[in-house]
Amino acid sequence: MREDNVTKDWLLYEAGKKYNNARNIVEQAKVNTEFYEGNQWIGAGDTNLPKPVFNILKRVGSYFIASLTSSPIKIFLTPLQFENFDKEIAIKSGNPDLANIVDALDISNASISKIMERQCFQDKVRDALTRSVKTGDMVMHFKFNTNLKPYVYAPTHLYQGDVEIEVIDGVNVFVSNPNIHDIQKQDWIIVSGRDTVAHLNDERKSKASGKVQKDDDINDFIRHQDELQADDDKTNQATYIIKYEKKLDKNGEEKVYASKSTKGCVIYENMETGLSFYPIAFGNWEQISGCYHGRALCTGLISNQIFINRMWAMWQYSLQLNAFPKAIYNENRIAQWSSKLGTAIPVKDNGEPNFDIKNMATFLEPPQISTQIVQALNECMAQTKDMLGISDAQLGNVNPTNTSAIVAIQKSSAVPLKNQQANLYKFVEDCALIMLDMISNKYGVRDVAVDLKSASETDNYVAQYDFANLKDLALSLDISIGEGNYYDEIAQVQTLDNLLQMGQITKVEYLERVPDSIIPKRQELLKQARAEALMMMQQPTAPEVTGSQGGRIATSQTDDALIQKMQSQDTAGMLKSMSQMQQ
């Protein structure tokens, strides 16, 4: 496995580093990171100039990141083989296959939501976007940690292991073909990182390759410039690489195999992961043709930032030298000049007649600083923000006298972020596919607390479910993120409220569709509402009652009639009228 005491995977890693260094990717990422964090005078050398920092990069980048992540991320799975799939119709159809599909959808959606909640996925997306602003790439590395407990206080021997997500820098990901953007089409992928020598030695599967030794290979990492130096394996660190490669397993299916090593030590080799997708989600801030790395937002603004800082520095230095007038005095009459407040200055008249104290001292008029400097700086900053598509309406620097005009400006100003928004959607979709791949191949049989529609009663209780069943179900993803999604959770609840008030839906229909996060103990209320509806069905049919607003209040309705109503009702027209009412 080794050539000249170096592992074969390490040779591929060295080739990937040469590719990055030839394009100055790592050094540019380091410069962008320093400038974004405010360290913008590093490398300027010793100078008498002041060092002001007008950090346009961080303000612009922070605003873009906040705009893209202003709304919570929602991921919904739907069955691919059914067009216009309706869960409620599938439940009431009595078809066990459709009921099983609904169970799989509910369980997979609930499991992915729990992983996102436990791993603080929203914060990790924000971190990945921040790194893409600085380095051009947003990357998440997914691991199945067998030491994690998916349930609090669960026994150690039950349901051990869960999905773990870490955000890494794109400069530490190396691929077989750097000209392809799609990370899943690569023959192999290498991820590099730093860990303590003690952890790496504990992880070794084979003791024949020798122990891991510490090294100082930190030049190709952005965030490992400083490390503790001590003669201790729990403190000293070494660079490791994980190589993912797709191979055919014994069943003829393409699966991902993993190998981990250091420069001269194999930790484990060709370990079958059981996954169908590489556990790496890779996206760009702005794609570059013919390169899997992206272009960072900061890269094109460094020169502008340097010019702005230098001009402000020279302007401030000129003020320091010339803002206060210099005193000129006759040293034959005044022994020593003092500018201290309240200090008396002795003056000699030398017996001269017509002595005038006004001729003893005067002040030089300071030169006038050209106002064009400040105008040029303001124009430079304004043009920089304008080229990035940032307006005063976005930053809140407008007087809201015309609401319609402000809304129109905000919508038009969001256009420059559409490409980044599409890249983020694709990135989150890849993350969801990887999480679905992991839970279907790693979870096995586990207890789940969901509303099982295939059971005899639709109630929320704990039951065992084999997550391997998800592998036999073709699913498509619906990513809900950002303010551009009109029918978000709030809008849906408002629409349901209006439909209920108008009598267009019953209380049971309302509780079946409202999200669990809106109404506590929704299942208990739904069960009670169904029981009340069943009691009303057993009573003699009563005429319809018209409300004060002309709405219809349903007093009795069978499940078959409900299904027919859902199929025939003009839902689009209803939602359109509701949206007009909300406006």
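Parameters at a glance
- Residues numbered from 1 in each chain as written.
- Predicted model: local features only at pLDDT ≥ 70, side-chain atom pairs only at ≥ 80, totals over all residues.
- Heavy atoms only, no water.
- Helix = DSSP H or I, 4+ residues; strand = E, 2+ residues; numbered from the N terminus.
- Buried < 20%, exposed > 50% of the residue type's maximum accessible area, 1.4 Å probe, protein only.
- Contact = heavy atoms within 4.5 Å.
- Areas by Shrake-Rupley, 256 points an atom, 1.4 Å probe, with all protein chains shown as cover.
- Pairing = 2+ DSSP bridges.
- Axes fitted to C-alpha atoms, helices over the stretch in contact; angles between N-to-C directions.
- Salt bridge = Lys/Arg side-chain N within 4 Å of Asp/Glu carboxyl O.
- Phe/Tyr/Trp six-rings, centres within 6.5 Å; stacked < 30°, edge-to-face > 60°.
- Lys NZ or Arg CZ within 6 Å of the ring centre and 35° of its normal.
- pLDDT = per-residue confidence, 0-100.
- Patch = residues over 30% accessible without salt bridge, like charges linked within 9 Å, V, L, I, M, F, W, Y side chains within 5 Å.
- Expected span 1.5 Å × (residues − 1).
- Arc of directions from axis to C-beta.
- Core = buried A, V, L, I, M, F, W, Y, C linked by side-chain atoms within 4.5 Å.
- Parallel < 35°, antiparallel > 145°, perpendicular 65-115°, else oblique.
- Left-handed = near helix turned anticlockwise from the far one by under 90°.

(A) Summary view of the overall build of the chain. On a plain count of helices and strands, the chain comes out with 17 helices and 20 strands. The 583 residues of the chain split such that 40% are buried. Within the chain, residue pairs in contact and separated by at least 24 positions form 67% of the contacts whose partners lie at least 6 positions apart. In the form shown here, the chain has an accessible surface area of approximately 32900 Å², with 50% of it arising from carbon and sulfur atoms.

(B) Up close: the pairing of strand E10 (residues 266–272). Relative to E10, strand E9 (residues 254–261) is paired through 4 bridges, and the arrangement is antiparallel. Residue Tyr 257 lies in a different strand from E10, and its bridge partner there is Glu 272. Between E9 and E10, which pair antiparallel in sequence order, lie 4 residues.

(C) Summary view of the sheet that holds E9. Pairing is antiparallel across the open sheet formed by 5 strands, whose spatial order is E6-E7-E8-E9-E10. Two strands close off the open sheet at either side, each with one partner strand: strand E6 (173–175) and E10. Ignoring which end each strand starts from, the neighbouring axes of this sheet average 20° apart. Direction of pairing for strand E7 (residues 188–196) relative to strand E8 (residues 237–248): antiparallel, over a ladder of 9 bridges.

(D) Spotlight on the pattern of salt bridges. Using the criterion set out here, one finds 18 salt bridges in the structure. The partner of Glu 203 in a salt bridge is Lys 260, and the shortest N-O contact between them spans 2.8 Å. Taken together, the positions of Glu 203 in helix H7 (residues 197–203) and Lys 260 in strand E9 put the pair 57 residues apart, joining distant regions of the chain. Residue Lys 260 is classed as buried on the basis of its relative accessible area of 6%.

(E) Local environment of the packing of aromatic side chains. If you walk through the whole model with that rule in mind, you get 12 aromatic pairs. Here the aromatic rings of Tyr 63 and Phe 64 are separated by 6.1 Å at their centres, their planes lie at 50°, and the arrangement is tilted. Ring centres of Phe 282 and Tyr 292 lie 5.7 Å apart, and the angle between their planes is 45°; this geometry places the pair in the tilted category. Here Tyr 292 lies in strand E13 (residues 291–294) and Phe 282 lies in strand E11 (residues 280–284), a separation of 10 residues in the sequence. Here Phe 282 falls in the buried class, since its relative accessible area comes to 8%. The class for Tyr 292 is buried, based on a relative accessible area of 3%. A network of ring pairs unites the aromatic residues Phe 144, Tyr 443, Tyr 465 and Phe 467 as a single cluster. Directly above the aromatic system of Tyr 257 lies the positively charged group of Lys 247, at a separation of 5.8 Å from the ring centroid.

(F) Up close: unusual backbone geometry. A positive phi angle is found at Cys 120, which is not glycine, with a value near 50°. Positive phi outside glycine occurs at Asn 270, with the angle close to 50°. Residue placement: Asn 270 occurs in strand E10.

(G) Representation of the environment of Asn 147 in the model. In this fold, Asn 147 is placed in the loop between strand E4 (137–145) and strand E5 (162–168). According to the relative accessible area criterion, Asn 147 is exposed, its value standing at 62%. With 15 residues separating them in the primary sequence, Asn 147 and Asp 162 have C-alpha atoms 7.9 Å apart.

(H) Fine view of the confidence of the model for the chain. Per-residue confidence for the chain averages 78 on the pLDDT scale, and 73% of its residues sit at or above 70. Counting contacts from residues 482–487, a segment whose pLDDT is below 50, to residues more than four positions away or on other chains yields 9 contacts. Overall, residues 545–583 carries pLDDT values under 50, and its contacts beyond four positions in sequence, including any with other chains, amount to 51 contacts.

(I) Quick look at a nonpolar patch on the surface. On the surface, Val 347, Phe 355 and Ile 357 cluster together into a nonpolar patch covering about 240 Å² of accessible area. In this fold, Val 347 is placed in the loop between strand E14 (327–329) and strand E15 (361–363). By relative accessible area, which is 34% here, Val 347 ends up partly exposed.

(J) Spatial organisation of helix H15 (residues 522–538). Compared with the 24 Å implied by 1.5 Å per residue over 17 residues, the 25 Å span of H15 between its first and last C-alpha is a close match. Taken residue by residue, H15 has Arg 522, Gln 523, Leu 526 and Ala 529 as its buried positions. An end-on view of H15 places all buried positions within 120° of arc, on one side of the element. Turned more than 90 degrees off the buried face of H15, the exposed positions are Glu 524, Met 535 and Gln 538.

(K) Layout of the nonpolar core. Among the nonpolar cores identified, the biggest contains 93 residues, and Phe 121, Met 140 and Phe 142 are the most heavily contacted of them. Examining the composition of this core, we find that 10 residues originate from one element, helix H12 (residues 418–442), more than from any other. Not counting residues up to four positions away in its chain, the partners in contact with Phe 121 are Ile 73, Met 116, Met 140, Ile 165, Val 428 and Cys 431. Counting 11 residues, the second-largest nonpolar core is a separate cluster that includes Val 493, Tyr 510, Leu 511 and Val 514.

(L) Inspection of the packing of helix H2 (residues 25–36) against helix H8 (residues 302–322) at higher detail. The geometry of H2 relative to H8 is characterised by a closest axis approach of 11 Å and an angle of 45° between their N-to-C directions. Comparing the axis directions of H2 and H8 gives the class oblique. The handedness of the crossing between H2 and H8 is left-handed. Listed contacts from H8 to Gln 28, Asn 32 and Phe 35 of H2 are Ile 302, Gln 305 and Ile 306.

(M) Broad picture of the pairing of E11. For E11, the buried fraction is high: 5 of the 5 residues fall into the buried class. The alternating pattern of E11 places Ile 280, Phe 282 and Asn 284 on one face and Ala 281 and Gly 283 on the opposite face, and all of these are buried.

(N) Structural context of the sheet that holds E11. Taking strand neighbours across the sheet as the criterion, the 3 strands line up as E5-E4-E11 in an open arrangement whose pairing is antiparallel. Strand pairing shows two members of the sheet lacking a second neighbour, E5 and E11, which therefore form its edges. Each strand of the sheet is rotated relative to its neighbour by a mean of 20°, with strand direction disregarded. As judged from the 5 bridges shared by E4 and E11, these two strands associate in the antiparallel manner. Looking at the pairing, Met 140 lines up with Ala 281 of E11.

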